[in-house]
Amino acid sequence: MHKIGHPRLDDPRFKANPYPVYARLRAEAPVYRTKVAFWLPAIWVVTRYDDVVRILKDPRFSKDYIQAYPWIPPSIRAMLRNLLTTDPPDHTRLRSLVQRAFTPRLIEGLRSRIQGTCDDLLDRADGSDVIELIEAYALPVPLIIISDLLGVPVKDRRVFGPWTKKAAAASASASLGVFLRALPALASLSRYIRGLVTLRRASPQDDLMTGLVRAEESGDRLTEDEIVSMVILLLLAGHETTVHLIATGALVLMQHPEQRMRMEATPELRVSAIDEILRYASPVEFATPRITLEDVTIGSITIPRGELVGVSLGSANHDESQFPDPETFDIAREPNKHLAFGMGSHFCLGAALARLEGEIALTTLFRRFPGLHLAVPPGSLRWRKSFAIRGLVALPVRTGGSVIPTSA
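Residues numbered from 1 in each chain as written. Predicted model: local features only at pLDDT ≥ 70, side-chain atom pairs only at ≥ 80, totals over all residues. Heavy atoms only, no water.

A. Spatial organisation of the overall build of the protein chain. Along the protein chain, the regular secondary structure elements total 17 helices and twelve strands. By the compact-globule yardstick of 22 Å for 408 residues, the protein chain fits well, its C-alpha radius of gyration being 21 Å. When the backbone C-alpha atoms are referred to their principal axes, the protein chain occupies close to 60 × 55 × 40 Å. Expressed as a percentage of the 408 residues in the protein chain, the buried residues total 55%. (Helix = DSSP H or I, 4+ residues; strand = E, 2+ residues; numbered from the N terminus. Rg over C-alpha atoms; globule rule 2.2 N^0.38 Å. Buried < 20%, exposed > 50% of the residue type's maximum accessible area, 1.4 Å probe, protein only.)

B. Expanded view of the packing of helix H7 (residues 111-124) against helix H9 (residues 140-150). Here H7 crosses H9 at 140°, and the two axes come no closer than 10 Å. By the angle class used here, H7 and H9 are oblique. By crossing handedness, the relation of H7 to H9 is classed as right-handed. Across the interface between the two elements, Arg113, Ile114, Thr117, Cys118 and Leu121 of H7 pack against Pro140, Val141, Ile144, Ile145 and Asp148 of H9. Broken down by class, the residue content of the contact of H7 with H9 amounts to seven nonpolar, one polar and two charged. (Axes fitted to C-alpha atoms, helices over the stretch in contact; angles between N-to-C directions. Parallel < 35°, antiparallel > 145°, perpendicular 65-115°, else oblique. Left-handed = near helix turned anticlockwise from the far one by under 90°. Contact = heavy atoms within 4.5 Å. Nonpolar A, V, L, I, M, F, W, Y, C, P; charged D, E, K, R; others polar.)

C. Representation of the packing of H7 against helix H17 (residues 351-368) within the structure. At a minimum axis distance of 10 Å, the contact between H7 and H17 shows a crossing angle of 35°. With respect to the hand of their crossing, H7 and H17 are arranged in right-handed fashion. Residues Arg111, Ile114, Gln115, Cys118, Asp119, Leu122 and Asp123 of H7 form the contact with H17, whose participating residues are Leu353, Leu356, Glu357, Glu359, Ile360, Ala361, Thr364, Leu365, Arg367 and Arg368. In terms of residue class, the contact of H7 with H17 is made up of eight nonpolar, two polar and seven charged.

D. Up close: the pairing of strand S10 (residues 308-311). On S10, burial covers both faces: Leu308 and Gly310 on one face and Val309 and Val311 on the other are all buried. Of the strand pairs in this sheet, strand S2 (residues 43-46) and S10 are connected by four bridges, and their pairing is parallel. From the neighbouring strand, Val46 faces S10, where its bridge partner is Val311. In this structure, strand S7 (residues 290-292) lies alongside S10, joined through two bridges in antiparallel fashion. When the bridges of S10 are listed, Arg290 appears paired with Val309. (Pairing = 2+ DSSP bridges.)

E. Structural context of helix H2 (residues 19-28). Along H2, the residues that are buried comprise Tyr19, Val21, Tyr22, Leu25 and Arg26. For H2, the buried positions fall inside an angular range of 150° around the axis, keeping them on one side. Along H2, exposed side chains directed more than 90 degrees from the buried face belong to Ala27 and Glu28. Those residues of H2 that are buried lie in contact with helix H1 (12-16), strand S1 (31-34), helix H15 (270-281) and helix H16 (313-316). (Arc of directions from axis to C-beta.)

F. Focus on the side chain of Arg290. Along the chain, Arg290 turns up in strand S7. Among buried charged residues, Arg290 stands out as having no salt bridge; its nearest opposite-charge side chain is Asp87, 7.3 Å away. Polar contacts involving the side chain of Arg290 include one to the main-chain carbonyl oxygen of Thr288, which spans 3.3 Å. Those residues in contact with Arg290 that sit more than four places away from it in its chain are Ile55, Leu56, Phe61, Ser62, Lys63, Glu307, Leu308, Val309 and His346. (Lys, Arg positive; Asp, Glu negative; His and termini not counted. Salt bridge = Lys/Arg side-chain N within 4 Å of Asp/Glu carboxyl O. Polar contact = N/O pair within 3.5 Å; in protein donor to acceptor, adjacent residues only side chain to side chain.)

G. Representation of the sheet that holds strand S12 (residues 396-398) within the structure. The antiparallel open sheet is built from three strands, whose spatial order is S4-S12-S11. Two strands close off the open sheet at either side, each with one partner strand: strand S4 (130-132) and strand S11 (373-374). Of the strand pairs in this sheet, S4 and S12 are connected by three bridges, and their pairing is antiparallel. Across the sheet, the residue bridging to Ile131 is Val397, located in S12.

H. Focus on the environment of Ala78. Along the polypeptide, Ala78 turns up in helix H4 (residues 74-79). For Ala78, a relative accessible area of 27% translates into the label partly exposed. As for Ala78 and Ser229, which are separated by 151 residues in sequence, their C-alpha atoms are 7.3 Å apart.

I. Focus on the state of the cysteines. One pass over the structure, following the stated rule, counts zero disulfides. No disulfide involves Cys118; its nearest neighbouring cysteine sulfur is the one of Cys348, lying 19 Å away. Cys348 gets classed as partly exposed once you look at its relative accessible area, which sits at 32%. (Disulfide = S-S within 2.5 Å.)

J. Here's a closer look at the sheet that holds S1. The strand order S1-S2-S10-S7-S3 describes an open sheet built from five strands, whose pairing is mixed. Of all strands in the sheet, those with a lone pairing partner are S1 and strand S3 (61-62), marking the two edges. Here two bridges tie S3 to S7, and the two strands are oriented antiparallel to one another. Each residue of the ladder has a partner; that of Phe61, found in S7, is Thr292. Most of the contacts of helix H3 (residues 49-57) go to S10, to which it runs at about 125°, and overall it touches S2, S3, S7 and S10.

K. Region of interest: the pattern of salt bridges. What the rule picks out here adds up to 27 salt bridges. Residues Arg8 and Asp10 are paired through a salt bridge, measuring 3.2 Å at the closest nitrogen-oxygen approach. Taking the relative accessible area as the measure of exposure, Arg8 reaches 40% and is therefore partly exposed. Of the charged contacts in the structure, one is a salt bridge between Asp207 and Arg200, with a shortest N-O distance of 2.8 Å. Exposure remark for Asp207: the relative accessible area of 11% places this residue in the buried category. Given a relative accessible area of 10%, Arg200 falls into the buried group.

Pasting the structure below:
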């Protein structure tokens, strides 16, 4: 097992600035084997852009990595069988069915709802000198939108929200304790979704849950287990990653005021600004694992059959062979072929929604709080203990004065 003296990949101190370590890994050990947690199998970490792209597109690296965890209970295993844990033809079938419900028209139709949600949350901050941006803004924005999208009744969200937050924390953590503590919430969430599926079969609504229930192609349909698993995936993947896109994006823009002003002054750069935040800050630092179906050689290293492989999207997005001057944050970077949403058949289904939420949330935040700045020294910010996700525990900010009214 290769050791080059770097911190554990889920260590919050490493998460604060992993990019110098990644640069050294790309140069000295671009493919190496390590342990993330004592209770998980060792994993091969791949850090170079070209190698990451190859693995994301190579069918010899299977997404059915759940087989590497035989101790997972059958009930939980069924909930984990979704787009992230299946290969063709199962993956092809699931994606084609889900795409029929998760349409671009549906996503674009959320624009006014996202804008209204952002404005409502910032209205509540009016008069506050210091706010904790994750709890007050970055977290509720995607949770409200995905709940709306799925058709979760407002009256149920006081219990639905905490279940989702606990399950999301477990999905991104390498801690056995966090995972075990989240099991009751995951079970409650599953039961609730099954009840909602039953309601939508009897009384269809204009929401994504009804779309999943009705999704059909060539006589095929999603089973109830598949719908439950897909909803949990949409909740956890879409909600968790977008929280950190918004929060870390706000941090990066506060740390680069010239780029923030450029984004405000040039509306046509807002979309590319979100792509640069995704590249530069990479909320999803590691893609979900693959497992090798045969011996595969990457560079000079042969990874044996049956081994787990983790591709570092965060490292690939800072690879100097693909991105000139990768440590410079440039909202007009072109080209910007970042891998924040993956690549190939597993390209993130919710990419368009994440981009839209990030664009509206960050544009609105700095338009209404033009003087926004950190309330604590940057070095005191705490980063989450997680292998897959790079995100802050909290982001205390000073508003810099009264909020600019919504109509301004």
